[in-house]
Each structure stands twice: as structure tokens, then as C-alpha cells.
2 protein chains.
Amino acid sequence: MPQDNSEPPKRPGRPTMREVALLAGVAPKTVSRVVNGVSTVDPALAARVRAAAERLGYRPNLTASSLRRGDGRTASVGMLVEDAANPYSSALIRTVENVARQRGVLLLIGSLDEDPARERALAHTLIDRRVDGLVIVPSGRDQSYLISEQNAGTALVFVDREPKLLDADAVVSDNRASAITAVDHLLAGGHRRIAYLGDLASISTAAQRYDGYTHALELAQLPVDEALVRQGLVTEQAAIDATREVLALPDPPTALFTSQNVVTIGCSRALRELGLQDRVAMVGFDDFPLADMLRPGISVIAQDVEGIGRIAAETLFRRLDGDQSPPATTVLPTRLITRGSGEIRRGEPSGD
Amino acid sequence: MPQDNSEPPKRPGRPTMREVALLAGVAPKTVSRVVNGVSTVDPALAARVRAAAERLGYRPNLTASSLRRGDGRTASVGMLVEDAANPYSSALIRTVENVARQRGVLLLIGSLDEDPARERALAHTLIDRRVDGLVIVPSGRDQSYLISEQNAGTALVFVDREPKLLDADAVVSDNRASAITAVDHLLAGGHRRIAYLGDLASISTAAQRYDGYTHALELAQLPVDEALVRQGLVTEQAAIDATREVLALPDPPTALFTSQNVVTIGCSRALRELGLQDRVAMVGFDDFPLADMLRPGISVIAQDVEGIGRIAAETLFRRLDGDQSPPATTVLPTRLITRGSGEIRRGEPSGD
DNA sequence: CGACTCTGAGACAACGTGGTCTCGACGTCA
DNA sequence: TGACGTCGAGACCACGTTGTCTCAGAGTCG
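So, here's what we can say about the structure. (Residues numbered from 1 in each chain as written. Chains lettered and ligands numbered in written order. Predicted model: local features only at pLDDT ≥ 70, side-chain atom pairs only at ≥ 80, totals over all residues. Heavy atoms only, no water.)

1. Here's the deal with the overall build of chain A
Note the threshold: Each helix is a run of DSSP H or I of at least 4 residues and each strand a run of E of at least 2, with the numbering of both proceeding from the N terminus. Between the two quantities, the radius of gyration covers C-alpha atoms and the globule rule is 2.2 Å times the number of residues to the power 0.38. The contact criterion used throughout is that any non-hydrogen atoms of two residues lie within 4.5 Å. Surface accessibility in these figures is a Shrake-Rupley result with a 1.4 Å probe; residues are shielded only by whichever protein chains are displayed. Residues counted as positive are Lys and Arg, residues counted as negative are Asp and Glu, and His and the chain ends are not counted. By convention, the charge on Lys lies at NZ, on Arg at CZ, on Asp at CG and on Glu at CD.
The number of helices and strands found in chain A is 12 helices and 12 strands. For 352 residues, the compact-globule formula gives about 20 Å, and the C-alpha radius of gyration of chain A, at 27 Å, lies well above that figure. Expressed as a percentage of contacts within chain A between residues at least 6 apart in sequence, the contacts between residues at least 24 apart total 66%. For chain A, the accessible area works out to roughly 15,100 Å², and carbon and sulfur atoms hold 51% of it. Side-chain charges in chain A split into 40 positive and 45 negative, and the spacing between the mean points of these groups amounts to 8 Å.

Take a look at the structure:
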């Protein structure tokens, strides 16, 4: 029977089911039933329990609950991205979050900064917290360390880059084909000397984009001039420097293909500084905010980030719901968005 | 003693301490000691335990651990922001993550989309997972629902906006003074009709910025013309429409003060469409990527987002380390960044 | 050499919860 | 009316871990 003294609980720490049970005059198990909405509880009893819980400020302990529960699910999912602050990663996080929220699942996030050691360390920390699944944009070249986790029932979905030495679901863009599209677009503008500016060649997507670049040139029966290829550009400043250097060559490129966000922005900055933004064509990989507001607008290969995130999340939850089909890679198409910078023809300044 | 059959564990689920103990021929408690690096364990025994753990692919269960541990800490912190995808929120997340990582603490994140109901719901979900602390950019006007959690020992730090009906630490920018700085800057350019374009007046920071706007005008002995004030602009499109409307007035403003990111970008877009970007001055609140690459560059009041995030995280962990001093609000200064748009003088197009 | 301390490892219980089983009360029907 | 089924609530224990206590064996010292 509920007491009627109205002081708040003075004991430090949090009230437990036992205390609620004591106050309501029932067994802890009955409190458990009420909290979990089991329908066989007498409505009057349930009301008493709820009142007691309310009075004590009781909150169920999901940690204990998931420990005891049969399936051991924690209703949380880990997400490892390159850098939570960059637009691509944060858009991905938000999209996965949207899907997860509908299931009452929370996201644990971590940034890897392209560091394979951190990938392993953070993945393990997440696993030690028994997340139900992991969404990973991998930094390393070997995910075999996750095999035992996969066997133990942790759902794994890779995003942007496929897992290595591990058979798991992945959701990626068609990097090679998209790079070919970009370079073809520049070739159609009459360009014959097209530079490639990209980040670490060790990143598989970067490698695929470079592969597309060389392939497109070969198809056009053009040589790949090593002098026009600059890789390993990690910072905006590196991209700026590289752009200056290739444009200072005796026979400079008339167009640039940039393999990634940060590089694109750096190149764009360099072109502006040199006053060449209307004379040198540029197509970048990855869209970014305000790309349309620059003059000229920056033409890009846009990935379907929301689609990628949504499908990744859906794939993950399908696995958690018991889908046993063999792991598969979903390849999403990209889109060439023409805004001006990519439509500058050889020898003709943009009319913008 | 370790066995030497080398098959991987076939049992479904994850190996536990007991199984490691069994394989190593020790008591579970000894495994616990080894895992936790207790130094009193015989090195040879510890090595045997580690080998057994390795062979089984054992990973400690932090869920169970934190349940049993005296302090009940989970080494995780919840973070509720407006929208994980927006640059301000994602920068904040990343900064807090950096501090948290040094302590091996993980971040659980949630987006509120300015929905007070979601704030409460997500805060409770995080509490049910027994996060050690919460970093919140609040959406609602009442955080008293957190009082019991605060009493129960959950550390709380509010960011960007102070808590209401709750006494807790906060880290904010000086919104009112910064708005005055912005408006003064426009007044110094000779402007007398300055529009205010802002988002929901119900958001405390927006209200403070508006307050600064009116105050600056009053100090200059100028009237606040209601026709030049547009609030509740939540989307970029709303900002575009509002900009068009105020500029279509019989006596249009010659300068705009925009209270927030999305609004600033919308206004900037509208000015461009109208061809007025070099004639109408603009200062925005909150910096954003590429603001310097537009023509003219967008002058802004920049918050010290990294400072805010870092101090918020440090304050949180100081509380978790036992700091009992009364809750305090840390106010961080902002910085006016002049890039062109705010330096357009009345009646003179920018020379940019 | 016996009583002492000290050290390292194990036995035991408990953290907060939910699965399982039990049991009393009640209703039903022959 | 008595045997049986049903149903709601509690007793009991286990989930994986660690705090506490115990204890065997080694070391120490008068």
C-alpha cells in the first residue's frame, strides 16, 4: 500500500525496482511487469506501481535489463566515421540516427581520423559495451579482427568502403564509374591535360577514383602524365600547394579532377587566388554545402549520402531482425551536378 | 593449464570470464584481476589467462562490469544537440569527443530538432542507459525534469543555452553583447535602416540576439521598425522569402542582421538572386564553412565553438571527478570577422 | 621453532533486472 | 461438490562481473 509521506528520496543513488516494489507493496517482479507493459497485471495494482515509481523518480536500468534479457540486446548501435565534424560524416550520422530512432535505438559515435589503430581500438570499446551492431567507415586495410564479433552475433555494415579480409554487408558509391563520368565530362569540354588531385592512395575509394581517372584517359587514348597526378593531399593547404604546383608546370593542365571534398575546396581556393577560377575547369568528388553559391559554382559528383546512410541502417536492422542471407554490397549511383566550374571549355573563360 | 586443441569456440554467443577461467584453470575472479590490470597477480598466471582470453576471443562485458562496480560508472556520456548534421552541432560533438576520448569515454548522441518533447524523451533514454553525464543544447523551456537525475549524480552541462528551472553548469556565448557589436558595426557603416532576420523567438539565444539588436538601435537613438523585423525563420527558404519581402518594402533596409547560420545563408542567397549582394550590407551570427569564399565574403559574429565544446566537456568531467562547487555559467567571447558583406556602406556598393 | 605477518588466489554474494516455475484463488463443468 | 483449468502474482535464480572475505602457504622474527 502506498505511503503518504511526501518527502523526496534522500538516499544517494537511484531508486531501484526493489524500492518501488517496497513502496507499492508488491514484489519486484510485478514492478518489472508494469514497467514492461505486461498486460496481465491488475490495473489497480499497475496504477499503484506507477504512482510509486513516479514518486521515487524511478527510471529503469537498461544496463541491468539488457544483461538479464535473453537476447542481450542493448538497443544501441556503434558508428565509426572518419570525422564527426565533416559534412559527409555528420550527414551519415544523422541519417542513421533517423532510422535508429524509430526503433528506440541510440547511436554511439567515434571519429577515426583515418587511423587504423583507432579503428580497432574504438571498435573494441564499442563491442565491450555490447552494441547490437556497428556501422563503420573503415580506416584500416584489414577488418578481420571483427570476425569473432560477427560470429558472436554483432551486426556489421560497412559504409563508403568495403571491408577487407571480412565478409560483411557494405553500402558504397560506384567510385570508379563516377570518376570516369567526371573525367569524360571534362574531356567533352575539349580538355586534354587533366590533373588528378587526390588524398591518400591507401584509401580504397581514393584508389578507385584514381583508377577511374586513368581508365577514362586511356579510353580517350590520352597518356596519364605523372606530373599531373598529385596524391596524399590530406589538408586543404596541401591541396592549395599542389594546385599551385601543377599550374606552374611548363605545360599546365586546363582542367582538374579532385577526388574529395577537402581537396576540392583547397583547389578552388588556389584557383581563386591565382585568378584562374574562370579559366581552369574543375570537377570535384563529393558535394559540399554552398558549392552552388561560389562563382563559378563548383561542379561535382554528388554521392547519395542520405541513401547510403538509410540503406546502411536498414541493412543493419534487417540483420538484427534475423536476416541470414549472405552479405552483400549495395552500390549506389552518383550524380554529376553541373554548376559552372566543370563546364569551362578549353581555352574559353567561363561566361559566368 | 591451457589446452592445445586449436578450434575456435563453436558455442554461439560470447565467451565469458568463466569460460576463460575454465580454460586457464583459474578462478573467474583471477581473470577479472588480469583484465583489470591488478598488479598482485603472478606474471605466469596472468600470461596464462591472457593466452586463454586471446584464444577464445574474449572481450570484457562493460555492461555487466558497470552494473557491479561500486561507482556504477558506464564511461559513456550523452550528448543532445539540435541536429547532428549541422556544422555547429557537429563541431561541438567532435570537440567533446576529443576530450572524452582521452578518458576512454564514449559519446551517445541524439538530435532534438528544436523539439522539447524529444529533448525529454531522449534525455530519459540516455539516463536509462546510465550515462555518467549529459551535455545538452536544450530545446525546451523547462529542464526541471532533470532535477532528480542531477540529485542521483548525473553530471549535467548545458551548452549554447542556459537551463531553465534547473541549476546546472552552462557554457554559452555572450549573445546580447555580440548582437550589439554586429549592429554597431553596421551603424558605423552609415546604415540607419537595419533589418533583423531571426529564427524562433522562443529560443533563448535568438531572443538575446534580438534584444541586443533593439538595444543597439536604442543606444543610437533609432526606432525599432517592426516592418524590418522578421522572426521564426526556420528554413533557408523562409529566410529567402523574408529577405525578399523586407527588401520590397517602400522604405527598404540598407543592411541586414541575421541571427543564425541557416538564416544568414538564406539571406545571402536571396541577395544574390536580387543582385543586391554588393549593395545591401549583412552581418550574420555564427560562422560557417566557405563564408570567406563567397563574393563578397560574409561578415559574421563567430562563436568559439571549439572553446565552448572543450570547456563544456572539461566542466562535465570535473564534476564527474567530484567537483562540488556551485554550478556556474561560463560566458565565452565572440569575434567579429569582417569579410566584406558587413563593410558595405550605405549608398556605396562594395568595391569588391 | 612457534607465532606472527604478508601475499596471492579463490569462494561467495550481490549489482538491477527478467525468465521460469510455483502456488493460491477463482471459475467452470460434469 | 469435487476435480480441473485458468490466471495473476510472487519466489527464486541467473545474466557477467567485481567487492569483500577467507584461507593456504611463504616469509619473518624473537
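2. Looking at helix H5 (residues 87-101) of chain A
All names here are of chain A. Definition in use: By this rule the span expected of a helix is its residue count minus one, scaled by 1.5 Å. The buried label goes to any residue with under 20% of its type's maximum accessible area, the exposed label to any with over 50%, and the partly exposed label to all in between, with areas taken from a 1.4 Å probe on protein chains only. For the purposes of these results, a polar contact is taken to be a pair of N or O atoms within 3.5 Å, where, inside protein, one atom must be able to donate a hydrogen and its partner to accept one; residues adjacent in sequence count only when each atom of the pair is a side-chain atom.
Taking 1.5 Å per residue, 15 residues should reach 21 Å; H5 reaches 21 Å between its end C-alpha atoms and fits that length. H5 sits mainly inside the fold: 11 of its 15 residues count as buried. Of the positions making up H5, those classed as buried are Tyr88, Ser89, Ser90, Leu92, Ile93, Arg94, Thr95, Val96, Glu97, Val99 and Ala100. If you check the start of H5, you find a side-chain oxygen 3.0 Å away from the backbone N of Tyr88, and it comes from Asn86.

3. Here we look at the relation of the copies chain B and chain A
Heads up, the condition is: A least-squares fit on C-alpha atoms brings the copies together, and the residues used are those whose pLDDT is at least 70 in both copies.
Rotating chain B by 180° and moving it 0.0 Å along the rotation axis overlays it on chain A with an RMSD of 0.1 Å. The transformation relating the two chain copies, once decomposed into turn and shift, fits a two-fold axis. Using C-alpha coordinates, one finds that chain B approaches the rotation axis most closely at B:Leu108, a distance of 2.2 Å. Counting the interface residues of chain B, we find that 100% of their copies in chain A are interface residues as well, pointing to one common contact surface.

4. Digging into the interface of chain B and chain A
Under the convention used in this document: By buried area we mean the combined loss of accessible area, with a 1.4 Å probe, across both parts when two parts are placed together. In the sections that follow, a salt bridge refers to a side-chain nitrogen of Lys or Arg positioned within 4 Å of a carboxyl oxygen of Asp or Glu. Only Asp, Glu, Lys and Arg are considered charged in this grouping, and only Ala, Val, Leu, Ile, Met, Phe, Trp, Tyr, Cys and Pro are considered nonpolar; every other residue, Gly among them, is considered polar.
Between chain B and chain A, the residue contacts involve 52 residues of the former and 52 residues of the latter. At the boundary of chain B with chain A, total buried surface from both sides reaches about 4,900 Å², with 55% on carbon and sulfur atoms. For the interface between chain B and chain A, the tally reads 10 salt bridges. Scanning the region where chain B abuts chain A turns up 26 residue pairs in polar contact (both at pLDDT 80 or more). Elements that contribute at least two residues to the side of chain B that touches chain A include exactly helix H4 (62-68), helix H5 (87-101), strand E2 (106-111), helix H6 (116-128) and helix H11 (261-274) of chain B. At 7 residues, the largest contribution of residues to the side of chain B that touches chain A is made by H6(B). The residue inventory of the side of chain B that touches chain A, partitioned by class, reads 23 nonpolar, 14 polar and 15 charged.

5. Section: the protein's contact with DNA strand C
We count it as follows: Residue proximity to a molecule or strand is established when one non-hydrogen atom of the residue lies within 4 Å of it.
In the vicinity of DNA strand C, 24 residues are found, and the nearest of them are A:Met17, A:Ser32, A:Tyr58, B:Thr30 and B:Arg33. Atoms of DNA strand C within 4 Å of the protein: sugar and phosphate make up 62%, bases the balance. The contact in question runs from a phosphate oxygen of DNA strand C to an N or O atom on the side chain of A:Asn36, over 3.1 Å. If you list the elements that add at least two residues to the surface near DNA strand C, you get helix H1 (17-24), helix H2 (28-35) and helix H4 (62-68) of chain A together with helix H2 (28-35) and H4 of chain B.

6. Quick look at the environment of A:His191
Residue and element names in this part refer to chain A. With respect to the helices and strands, the residue His191 is situated in the loop between helix H8 (175-188) and strand E6 (194-197). Considered as a pair, His191 and Asn151 are 40 residues apart in the sequence and their alpha carbons are 51 Å apart. In this view, His191 contacts Leu186, Thr254, Ala255, Ala281, Ile344, Arg345 and Arg346; residues no more than four positions away in its chain are not counted. One polar contact links His191 to Thr254, side chain to side chain, over a distance of 2.6 Å.

7. Here we look at the sheet that holds strand E11 (residues 329-332) of chain B
Going by this rule: Criterion used throughout: strands pair if DSSP finds at least two bridges between them. Think of each axis as a best-fit line through the C-alpha atoms, taken over the contacting stretch in the case of a helix, with angles from 0 to 180 degrees between the N-to-C directions.
The sheet built from 12 strands is open, its strands ordered E11(A)-E5(A)-E4(A)-E3(A)-E1(A)-E2(A)-E2(B)-E1(B)-E3(B)-E4(B)-E5(B)-E11(B) with mixed pairing. With one partner strand each, in any of the chains shown, strand E11 (329-332) of chain A together with E11 of chain B form the two edges of the open sheet. Averaged over all pairs of adjacent strands, the angle between strand axes in this sheet comes to 20°, irrespective of strand direction. Where strand E5 (residues 169-173) of chain B lies against E11(B), 4 bridges are found, and the strand directions are parallel. From the neighbouring strand, B:Ala170 faces E11(B), where its bridge partner is B:Thr329. Each of strand E2 (106-111) of chain A together with strand E1 (76-81), E2 and strand E4 (155-159) of chain B is contacted by H5(B), which is oriented at about 75° to E2(A), the strand it contacts most.

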